[in-house]
Amino acid sequence: MSSTDTSPEPSTSDGTIGSSDWTPNVRAMSMTFWGPSSSMSWAKTTLDDACVAHLWFLNCLVVYFLLAGAVYALMRRPLSALADGVRLPSGFVGSGAYVLLLPAILVAVDFVGYRVPDVITDAVPFLSFYELLHNGVFFAFGFLLGAYAVLMDDFPRPRVWGVALLLGFAVVKIFFPPSEELGMKTLHHYGDAYISWYLCVLCFYLFRRYFDAPSRTFGYLSDASYSIYLFHHFWVVAIAIAIVPLTLNLYIKFSVIVLASAAISFALHHFAVLRSPLLRYLFNGKTPADTQKAQAEAHKPLRT
């Protein structure tokens, strides 16, 4: 749709925007970004699905942390003994071969998630059994990284064969759409999962290699990350409700929403969270002792 096209969109009998090839929310956002629309109608569409779904991982994290906290409180000693007693095979870890296993585990978990009836979505909005299983694999692997130093040391090490496979699966994904044959669909699913896992490897490598050193700047940004994550969504929605219906170019609207929500979120972190031990603990998990240590670190010379 062009910026000058303000023709009415087809609608269904219940008044929602409908189309055979685009989802209602995509159509709604396209129309309101490019032409006049009702602010309240856009807000309802946004809050009902599109923008709230943006918090999908936060919904899963709440469940994971509640379960992990309960398991840790009830079974801390036996789990610690199990972690101390189990030794990961050095050859398996040292070669990085476990990275080939991780996508297979994800594919198997997804297979279960696709076929088990979802009894969660009806009871808990914006949460599904499939999402809990799928994202739970990454969460569980994070626990393994924390439990085994040898794994945490080896994971951020890209291998030539690993990067080659990443590029190969990316080419297949771009130029060869999956067929209906089960074997090819499974291969594509494995390739998608492998891409996700190996991008994690590369992210870990880049930050371990270039940013794992004392730095006031990156220490501040790291400290602000949870605050920004928790604050920004409210301001994205609030500013969008006000600005999207305006007859401005899409890129101007996008820039205003991004810059304004980021500025407000950083301001809240800097002037509220960092200045209150209670807020710092609630939003960043930092105790007053942690705050004093961070302030002492902040006065050290910057890393060059």
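Scoring rules and cut-offs
Residues numbered from 1 in each chain as written. Predicted model: local features only at pLDDT ≥ 70, side-chain atom pairs only at ≥ 80, totals over all residues. Heavy atoms only, no water. Helix = DSSP H or I, 4+ residues; strand = E, 2+ residues; numbered from the N terminus. Contact = heavy atoms within 4.5 Å. Areas by Shrake-Rupley, 256 points an atom, 1.4 Å probe, with all protein chains shown as cover. Phe/Tyr/Trp six-rings, centres within 6.5 Å; stacked < 30°, edge-to-face > 60°. Lys NZ or Arg CZ within 6 Å of the ring centre and 35° of its normal. Salt bridge = Lys/Arg side-chain N within 4 Å of Asp/Glu carboxyl O. Buried < 20%, exposed > 50% of the residue type's maximum accessible area, 1.4 Å probe, protein only. Patch = residues over 30% accessible without salt bridge, like charges linked within 9 Å, V, L, I, M, F, W, Y side chains within 5 Å. Axes fitted to C-alpha atoms, helices over the stretch in contact; angles between N-to-C directions. Parallel < 35°, antiparallel > 145°, perpendicular 65-115°, else oblique. Left-handed = near helix turned anticlockwise from the far one by under 90°. Nonpolar A, V, L, I, M, F, W, Y, C, P; charged D, E, K, R; others polar. 1 Å grid on protein atoms, 1.4 Å probe; cavity = no way out; pocket = protein on both sides within 12 Å on 5 of 7 lines; lining within 4 Å. Points joined across faces, edges and corners; volume = space filled by probe spheres on them. pLDDT = per-residue confidence, 0-100. Expected span 1.5 Å × (residues − 1). Bend = angle between axes of the 7 residues up to and from the residue. Core = buried A, V, L, I, M, F, W, Y, C linked by side-chain atoms within 4.5 Å.

Draft legend 1. Examining the overall build of the protein chain more closely. What the protein chain contains, in helices and strands, is 13 helices and 0 strands. The secondary structure elements of the protein chain, listed N-terminal to C-terminal, are α-α-α-α-α-α-α-α-α-α-α-α-α. For the protein chain, the share of sequence-separated contacts (at least 6 apart) that also reach a separation of at least 24 residues comes to 70%. For the protein chain, the accessible surface area stands at approximately 19200 Å², while carbon and sulfur atoms represent 71% of it.

Draft legend 2. Examining the packing of aromatic side chains more closely. Under the criterion given, the structure shown has 15 aromatic pairs. Three or more aromatic residues link up through ring pairs in this structure, and these residues are Phe138, Phe141, Phe155, Trp197 and Phe204. Stacked on the ring of tyrosine 210, the Lys or Arg arginine 209 has its end atom at 5.0 Å from the ring centre.

Draft legend 3. Fine view of the pattern of salt bridges. As enumerated under the stated definition, the model contains 5 salt bridges in all. Taking the shortest distance from any N to any O, the salt bridge between arginine 159 and aspartate 154 comes out at 2.8 Å. The exposure classification of arginine 159 matches that of aspartate 154, with both residues buried. Close ionic contact of arginine 280 with aspartate 223 constitutes a salt bridge, the shortest N to O distance being 3.1 Å. In this pair, arginine 280 sits in helix α12 (residues 277-284) while aspartate 223 sits in helix α10 (residues 216-243), placing the two residues 57 residues apart along the sequence. For arginine 280, a relative accessible area of 4% translates into the label buried. With relative accessibility at 8%, the residue aspartate 223 sits in the buried group.

Draft legend 4. Spotlight on a nonpolar patch on the surface. Judged by side-chain polarity, Leu206, Phe207, Tyr210, Phe211, Phe218, Leu221 and Phe266 come together as a nonpolar surface patch covering roughly 640 Å² of accessible area. Counting only elements with at least two residues in the nonpolar patch, the list comes to α9 (182-210) and α10. The leading source of residues in the nonpolar patch is α9, at 3 residues. Checked against the element boundaries, phenylalanine 218 lands in helix α10.

Draft legend 5. Just the environment of aspartate 154, in detail. Its location among the elements puts aspartate 154 in helix α7 (residues 149-154). Here the alpha-carbon distance between aspartate 154 and glycine 94, two residues 60 residues apart in the chain, equals 6.7 Å. Non-local contacts of aspartate 154, meaning those with residues more than four positions away in its chain, are made with Val93, Gly94, Gly96, Tyr98 and Arg159.

Draft legend 6. Region of interest: the packing of helix α5 (residues 98-115) against helix α6 (residues 129-147). Running from N to C, α5 and α6 point in directions that differ by 160 degrees, and their axes come no closer than 8 Å. Classified by the angle their axes make, α5 and α6 are roughly antiparallel. Handedness of the crossing formed by α5 with α6: right-handed. Here Tyr98, Leu102, Ile105, Leu106, Val109, Asp110, Val112, Gly113 and Tyr114 of α5 lie close against α6, whose contacting residues are Phe129, Tyr130, Leu133, His134, Val137, Phe138 and Phe141. Per-class residue counts for the contact of α5 with α6 are 13 nonpolar, 2 polar and 1 charged.

Draft legend 7. Spotlight on empty space enclosed by the protein. Taken as a whole and judged by the stated rule, the model has 1 cavity of 30 Å³ or more. A volume near 40 Å³ is recorded for the largest cavity. Broken down by class, the residue content of the lining of the largest cavity amounts to 5 nonpolar, 1 polar and 2 charged.

Draft legend 8. Structural view of the confidence of the model for the protein chain. The predicted model of the protein chain averages 76 in pLDDT, with 75% of residues at 70 or higher. Counted against residues more than four places away or in other chains, residues 1-48, with its pLDDT under 50, gives 62 contacts.

Draft legend 9. Spatial organisation of α9. Relative to the 42 Å expected for 29 residues at 1.5 Å per residue, α9 spans 42 Å between its end C-alpha atoms, a close match to the ideal helical length. Taken together, the buried positions of α9 are occupied by His188, Tyr190, Gly191, Ala193, Tyr194, Ile195, Trp197, Tyr198 and Val201. At its buried positions, α9 is contacted by α5, α6 and α8 (160-175).

Draft legend 10. Inspection of α10 at higher detail. Compared with an ideal rise of 1.5 Å per residue, which puts 28 residues at 40 Å, α10 spans 35 Å between its outermost C-alpha atoms and falls more than 12% short. Remark: the principal bend of α10, roughly 40 degrees, maps to alanine 224. Taken together, the buried positions of α10 are occupied by Asp223, Ala224, Ser227, Ile228, Phe231, His232, His233, Val237, Ile239, Ala240 and Ile243.

Draft legend 11. Here's a closer look at the nonpolar core. In this structure, Tyr98, Phe141, Leu151, Phe155 and Tyr194 are the most contacted members of the largest nonpolar core, which totals 21 residues. Elements supplying a minimum of two residues to this core: α5, α6, α8 and α9. Of all the elements, α9 adds the most residues to this core, at 7 residues. Beyond its immediate chain neighbours, meaning those up to four positions away, tyrosine 98 contacts Phe92, Val93, Phe141, Leu151, Asp154 and Phe155. Ranked by size, the runner-up nonpolar core spans 8 residues in total, among them Cys60, Ala68, Ile120 and Leu127.

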